[in-house]
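Observations on chain architecture
Chain by chain, the residues:
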Amino acid sequence: MSDAVLSTLPPDGPVVEIRKLWSAFRLPEGRMVVHKDLDLTVQRGEVLSIVGGSGSGKTVLLRQILGLERPASGEVRIMGQPVREMTRRGASSRVGMLFQHGALFSAFSVIENVTFPLRELKTLPRRLVEEAAMVKLQMVGLKPGDAKKMPAELSGGMIKRAALARALIMDPPLLLLDEPTAGLDPDSSDGFVNLLRSLHHDLALTVIMVTHDLDTLFELSTRIAVLADQRVIVAGRPREVIAFRHPFIEEFFLGERGQRAMELLREYPFAI
Amino acid sequence: MGGPILAMNDATPRFEQAPAPQGTAVRLLGEWTAAQFARPRVFRELRHLLPAADAGKRAWDLREAAQLDHVGAQLLWDHWGQRWPERLELLPPQRAILERVAQFTARPQRAPRRGPRALYFAFGAKLMAALGHVKGFVQLIGQLTLDLRELVRAPHQAPWRDFSGHLYRIGVTALPITALVGGLIGVVLAYLTSRQLRQFGADAYIVDILGIALVRELGPMLAAILIAGRSGSAITAQIGVMRVTDELDAMRVMGISHTYRLVMPRAMALSIAMPLISGWTTIAGLIGGMVAADLSLGISPIFFVKALPAAVSLPNLALGMSKSVVFGILIALIGCHFGLRVRPNTQSLGQGTTASVVTAITMVILVDALFAVLFSNVGI
């Protein structure tokens, strides 16, 4: 696709389409297969959560969707395009990624971090770029006074918010989150979940997230995909997933930890 | 509109003016998004044409724009003078975006212009920072002295494994590069001097010149500069990364002193490795010089080796070696000093490493000059 006709207008159809995906790594001991014939489809407007045991390949799957890993075979299509188009110039307008630890550039101030994708285009004037960044900063709940701070001066919650503003600076239709509430205290975690919910609504985002936190999972997800045995064993609405018989699901949702979060299901029926 | 150079398509953000019931209406077409503005010339073209659409008097119709994102909305809002135009037609999602932009538009505060007063204070801050470095360095030396007392009191508890590891990494692995550089400098020096010496028929004195220059000055200096660049930077980077990843704090929480566990083994290893490397570099330089002297002046290696002890008296060797011990300790301490002062961000790590190497090399040359003045009548 040439640059001249590049459009961010997503065509109709699924936002993410993964078919027969194989991911494998070469290790000294031999080949390690992480995904085997994995299929997953994400429709527009969904909040899909990917859950799975540690080492089940959740983060690898996220990296496949971002085009940071190469599939051993199979294909990943984002908005109808092959995923290798994703890391090209202007990628910020196609997908936003919130890394687990924020991945803010520590040598840049908050405003420089948020404006970075726009500044790299080299076509927009500085004033417009900075104003656009200030709007996004306030949309994620930071104050204008935080703009000149360095990442080292921010709290964990503020780092996540600044990183989210950076991910959203070009209004991508697809947002990927890796453990969005990990490392946040319960209050900031709740605040962040509320923020994500309102942004999902306001910006008509499609969200894919990896999370271990059951509260976040049930409060945000419209759909849950469970990764086990190197593939997606079940993907569906939370109730359908919980009803699925599999040792991992019973351990994860119906254990003591799960029972507590299940209370939330009754409090937040909209999640179902 | 849209010049002939510009590849126009449906997505290109543009507008057209058409007569409307009251005056002229401006209709937005195409995708008003950052991705479109990213294309070459699109944004320049648009900025060039926009002033033709006067904000106040025209009616604005956004309904036919295929897409409008926050950057596009910001552009419109700024064009409207950050006010709502009197007549505006738009879709509810577009209104939501524009309302957010209207609510949150703010200018980041500019750094105030620096007057003479600010420059004066900046100079003061620099001066204080330099004094802080001196103070920190003296503290480091003091702490190291206390640690050495601890070492003498309980030698079996000292970090000997670290010490031997550093000895290997700083010493053994540096042997090939120092030999190469030393040998080449020896060759160059011999060729340069042989031309002058031949004019006076003083060919045999090449042994004296090479011997004194390499044993007393060049060998220790070359070795020290190479090690400062190679190991000084590594020391700063290692300790600096430990700061970035909180490992230094973890160590302190365990009640283990940074200087005892990190600085002392490195300083000890360098104080032993440095004179050895310096001797090794000197030997490589002498061999290179010997070969070059044989080729250019016909001075046989046997004569060279026999004449060397007479040409270079023992105090010269002692001076070169003892200088190297001081260089080694200096390089280790400067590397550790800058490593421990790294702040937890990548930029500071880079600055610290650069400053460490530059300071170490400068200090080595300064101390070498000091030695030259103090011991000017020893050995020659």
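What counts, and at which threshold
- Residues numbered from 1 in each chain as written.
- Chains lettered and ligands numbered in written order.
- Predicted model: local features only at pLDDT ≥ 70, side-chain atom pairs only at ≥ 80, totals over all residues.
- Helix = DSSP H or I, 4+ residues; strand = E, 2+ residues; numbered from the N terminus.
- Rg over C-alpha atoms; globule rule 2.2 N^0.38 Å.
- Buried ≥ 20, exposed ≤ 12 C-beta atoms within 10 Å, placed from the backbone.
- Contact = placed C-beta atoms within 7 Å.
- Domains from an automatic or database assignment.
- Nonpolar A, V, L, I, M, F, W, Y, C, P; charged D, E, K, R; others polar.
- Pairing = 2+ DSSP bridges.
- Axes fitted to C-alpha atoms, helices over the stretch in contact; angles between N-to-C directions.
- Expected span 1.5 Å × (residues − 1).
- Parallel < 35°, antiparallel > 145°, perpendicular 65-115°, else oblique.
- Left-handed = near helix turned anticlockwise from the far one by under 90°.
- pLDDT = per-residue confidence, 0-100.
- Core = buried A, V, L, I, M, F, W, Y, C linked by C-beta atoms within 7 Å.

What follows covers the overall build of chain B. Secondary structure summary: chain B contains 13 helices and 5 strands in total. For a compact globule of 380 residues, the expected C-alpha radius of gyration is about 21 Å, and chain B comes in at 35 Å, more than 25% above that figure. Per-residue burial for chain B yields a buried fraction of 37% across its 380 residues. Across chain B, contacts joining residues at least 24 apart in sequence account for 84% of those joining residues at least 6 apart.

On to the domain arrangement of chain A, then. A common way to report how large an interface is uses the accessible area buried once the components associate. All names here are of chain A. One can read the domain layout of chain A as domain 1 (44–69 + 173–272) and domain 2 (104–172). Using C-alpha coordinates to define each centre, domain 1 is positioned 26 Å away from domain 2. Opposite the 10 residues of domain 1 that make contact, domain 2 presents 8 residues. Elements represented by at least two residues in the side of domain 1 that touches domain 2 include exactly β7 (174–178) and α5 (186–202). If one sorts the elements of the side of domain 1 that touches domain 2 by residue count, α5 sits on top with 3 residues. Among the residues making up the side of domain 1 that touches domain 2, the classes are represented as 8 nonpolar, 2 polar and no charged.

Before going further, it helps to examine the sheet that holds strand β9 (residues 223–228) of chain A. Hydrogen bonds between backbone atoms are what pair the strands of a sheet, whose relative direction is either parallel or antiparallel. Residue and element names in this part refer to chain A. Strands sit in the order β6-β7-β8-β3-β9-β10 across an open sheet of 6 strands; the sheet is mixed. Among the strands making up the open sheet, the edge pair consists of β6 (95–98) and β10 (231–236). Strand-to-strand, the axes of this sheet are offset by a mean angle of 20 degrees, without reference to chain direction. Direction of pairing for strand β3 (residues 47–52) relative to β9: parallel, over a ladder of 5 bridges. What sits directly across from L48, in β9, is R223.

A word on the interface of chain B and chain A. Of the residues lining the interface, 33 residues belong to chain B; the matching set on chain A comes to 32 residues. When contributions to the side of chain B that touches chain A are tallied by element, the ones reaching two or more residues are α1 (34–37), β4 (65–68), α3 (70–79), α4 (92–104) and α13 (346–374) of chain B. By residue number, the principal contributor to the side of chain B that touches chain A is α3 of chain B, which donates 5 residues. Looking at the side of chain B that touches chain A residue by residue, the classes come out as 16 nonpolar, 10 polar and 7 charged.

What follows covers helix α12 (residues 314–340) of chain B. Relative to the 39 Å expected for 27 residues at 1.5 Å per residue, α12 of chain B spans 39 Å between its end C-alpha atoms, a close match to the ideal helical length. With respect to burial, α12 of chain B is a largely interior element, 19 of its 27 residues being buried.

Taken domain by domain, chain B consists of domain 1 (14–104) and domain 2 (126–374). Taken over C-alpha atoms, the centre of domain 1 of chain B sits 66 Å from the centre of domain 2 of chain B.

Take the packing of helix α3 (residues 126–139) of chain A against α4 of chain B next. With their axes 9 Å apart at the nearest point, α3 of chain A and α4 of chain B run at an angle of 95 degrees to one another. As judged from the angle between their axes, α3 of chain A and α4 of chain B are roughly perpendicular. Touching M134, V135, Q138 and M139 of chain A of α3 of chain A are R100, V101 and F104 of chain B, all from α4 of chain B. Here the residues of the contact of α3 of chain A with α4 of chain B sort into 5 nonpolar, 1 polar and 1 charged.

Okay, unusual backbone geometry next. Working note: non-glycine residues mostly have negative phi, and peptide bonds are mostly trans. Residue and element names in this part refer to chain A. Of note in this structure, E179 is not a glycine but carries a positive phi near 50 degrees. We classify E179 as buried; it has 20 C-beta atoms within 10 Å. Even without being a glycine, D229 presents a positive backbone phi close to 50 degrees.

Residue and element names in this part refer to chain B. Their axes nearest at 8 Å, the elements helix α8 (residues 206–244) and α13 cross at an angle of 150 degrees. The angle between α8 and α13 falls in the class roughly antiparallel. In terms of crossing hand, the pair formed by α8 and α13 is right-handed. Only L349, G352, T353, S356, V357, A360, I361, V364 and D368 of α13 make contact with α8, whose side of the interface consists of M221, A224, I225, A228, G229, G232, S233, T236, A237, G240, V241 and V244. Its residues placed into classes, the contact of α8 with α13 shows 12 nonpolar, 8 polar and 1 charged.

Now for the sheet that holds strand β5 (residues 81–82) of chain A. All names here are of chain A. Spatially, 4 strands are ordered β2-β1-β4-β5 in an open sheet, and the strand pairing comes out antiparallel. Edge positions in the open sheet fall to β2 (30–42) and β5, since each of these has one partner strand only. Relative to strand β1 (residues 16–27), helix α1 (residues 58–66) is tilted by about 120 degrees, and along the sheet it contacts β1, β2 and β4 (73–78).

With that out of the way, let us pick up the confidence of the model for chain B. Residue and element names in this part refer to chain B. Per-chain confidence: chain B averages 88 in pLDDT, with 96% of residues scoring 70 or above. Contacts of residues 1–6 to residues separated by more than four positions or lying in other chains number 11 contacts, the stretch itself having pLDDT below 50. Overall fold confidence for the complex sits at a pTM of 0.73, while the interface term, ipTM, reaches 0.77.

To continue, consider the nonpolar core. Core analysis: the largest hydrophobic core is formed by 99 residues, its most contacted members being I65, I78, A162, A165, L176, I208 and A225 of chain A. The greatest single-element share of this core, amounting to 8 residues, is contributed by α3 of chain A. Those residues in contact with A225 of chain A, other than ones at most four positions away along the chain, are L40, L48, I50, V232 and A235 of chain A. One finds I225, A267, A332 and L340 of chain B within the second-largest nonpolar core, a separate group that totals 54 residues.

All names here are of chain A. With 5 bridges joining them, β1 and β4 adopt antiparallel strand pairing. The partner of V16 across the bridge, within β4, is I78. Pairing between β4 and β5: 2 bridges, direction antiparallel. Its bridge partner being in β5, I78 is matched across the sheet by Q81. Between β4 and β5, which pair antiparallel and follow one another directly, the connecting turn spans 2 residues, one of which, M79, has a positive phi of 50 degrees.

Moving on, we get to the environment of A162 of chain A. Residues and elements named next belong to chain A. Mapped onto the elements of the fold, A162 is located in helix α4 (residues 156–167). By C-beta crowding, A162 is classed as buried, having 26 other C-beta atoms within 10 Å. C-alpha of A162 to C-alpha of D39: the two residues are 123 residues apart in sequence and 33 Å apart in space. Sequence-distant contacts of A162, that is, excluding residues within four places in its chain, are made with G102, L104, V110, N113, V114, L142 and L154.

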